[in-house]
Amino acid sequence: MSIKAGDFVLIRKELYFRSVKLNPDSVESIDGMKVCLKNAIGLPYGTVFAVNGTEIEPISFEETVNQPIQPSSDVSLTDEAVPLGGKDNRDIVDCTLNQKLDFEDIKMLQSSGSTAEDIVNELVKGNANFVKKTKFSQEKYLKKKRRRYFGLFSIERPCSRILCELYSKLRRDKCLGLRFDTLCHILTYANVHAGSTVLLAETCSGLILGSVLERLGPAEFGGSVIQFFHGSAPPRPEMNPVAAAAYETQVCDPVIF
């Protein structure tokens, strides 16, 4: 399924997520970066993008993170001059003084138009312990820095699987630790299907409600939900804009108990 203008999409960057309505003419803030999402239109959901100025470019995540870096001649990624018994990290002391570049230097590089690859190269050259690390540790360091400075993120279609994963990682207290496999069992045993009428009471911040609405399908199928809840207001779907849009038409007048 391709991304279209006007779609509600989920922007995902590791533990950062944000739900937006894709407008090709607007500028969105993604984890502090101001970008235009116009280039995402027409590409399939799940595509990984890199930030290039205020534009985004589709890339291959594995190729970008795992590609061999080409540092300057004074930095080597090989295990040359390995002492007897093998090279290890036992003598490396983790300290901020090991890195010559500070926050202001990195911001200056970014503002001057340096690419993410250039910044990673400068960090490698400025790290006093990089040449002392094992090859495995060097590659691990490079992957970590690439993830941070390449600004990689993906655009996902909001669905129960992704939302359940995000809830369980970031808001376990609000979803009662509900896992996706458990959610699937609940929907299956309750025989929730397109066009059915469902009686629902939940305290998972609308996660089960959103999943039920997703299973019911469009309002044209005739499905509906009768929702019971505690208090004066029902727990509406907090993170799934698709379910939130269907709420008004497919959820019957709630019942308070």
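Quantities reported herein were computed from a predicted structural model and do not represent experimental measurements.

1. A word on the sheet that holds strand S1 (residues 8-13)
Right, so step 1: With antiparallel pairing, the five strands of this open sheet are ordered in space as S2-S1-S7-S5-S6. The open sheet is flanked by strand S2 (16-21) and strand S6 (55-59), the only strands paired with a single partner. Going from strand to strand, the sheet's axes swing by 35° on average, the running direction of each strand aside.
Right, so step 2: Both S1 and S2 contribute to a ladder of six bridges, which runs antiparallel. Bridge assignment links valine 9 to a residue of S2, and that residue is valine 20.
Right, so step 3: Running at roughly 45° to S1, helix H5 (residues 160-170) makes contact with S1, S2 and strand S7 (153-156) of the sheet.

2. Here we look at the layout of surface pockets
Right, so step 1: Volume-wise, the largest pocket comes out at about 1600 Å³.
Right, so step 2: As for the largest pocket, its lining consists of 46 residues, and the residues nearest its centre are Ile106, Gln110, Ile119, Arg148 and Tyr149.
Right, so step 3: Of all the elements in the fold, those that place two or more residues in the lining of the largest pocket are strand S4 (33-36), strand S5 (48-52), helix H2 (103-111), helix H3 (116-126) and helix H4 (135-149).
Right, so step 4: Ranked by the residues each element gives to the lining of the largest pocket, the list is headed by H4, at eight residues.
Right, so step 5: Taken together, the residues of the lining of the largest pocket break down into 16 nonpolar, 15 polar and 15 charged.

3. A short note on the packing of aromatic side chains
Right, so step 1: Counted according to the given criterion, the structure contains two aromatic pairs.
Right, so step 2: Consider the rings of phenylalanine 49 and phenylalanine 153, whose centres lie 5.8 Å apart with planes at 25°: the pair is stacked. With a gap of 104 residues between them, phenylalanine 49 in strand S5 and phenylalanine 153 in strand S7 connect regions that are remote in the sequence. Like phenylalanine 153, phenylalanine 49 is buried.

How each quantity is defined
- Residue positions are given per chain, counted from 1 along the sequence in the order it is written.
- Selection of residues for local features in this predicted model requires a pLDDT of at least 70, selection of side-chain atom pairs for listing and counting requires 80 or more, and totals for whole chains, interfaces and linings are taken over all residues.
- To get the side-chain values, take all heavy atoms of the structure and skip hydrogens and water.
- Two strands qualify as a pair provided that DSSP identifies no fewer than 2 bridges between them.
- The helix and strand labels rest on DSSP assignments: H or I over at least four residues marks a helix, E over at least two residues marks a strand, and numbering proceeds from the N terminus.
- Note on method: axes are straight lines fitted to C-alpha atoms, helices fitted across the in-contact stretch only, with angles between N-to-C directions ranging 0 to 180 degrees.
- A contact between two residues is defined here by any heavy atoms of the two lying within 4.5 Å.
- Only protein atoms enter the 1 Å grid, on which a cavity is a set of points fitting a 1.4 Å probe that cannot get out and a pocket is an open set with protein on both sides within 12 Å along at least 5 of 7 lines, lining residues being those with an atom within 4 Å of a point.
- Grid points are joined across faces, edges and corners, and a volume is the space filled by probe spheres set on the points.
- Nonpolar residues are Ala, Val, Leu, Ile, Met, Phe, Trp, Tyr, Cys and Pro. Charged residues are Asp, Glu, Lys and Arg, and all others, Gly as well, are polar.
- Note on aromatic contacts: the rings of Phe and Tyr and the six-membered ring of Trp form a pair at centre separations within 6.5 Å, being stacked when their planes are under 30 degrees apart, edge-to-face when over 60 apart, and tilted otherwise.
- Only protein chains enter the accessibility calculation, which uses a 1.4 Å probe. A residue is then buried if its area is under 20% of the maximum for its type, exposed if over 50%, and partly exposed in between.

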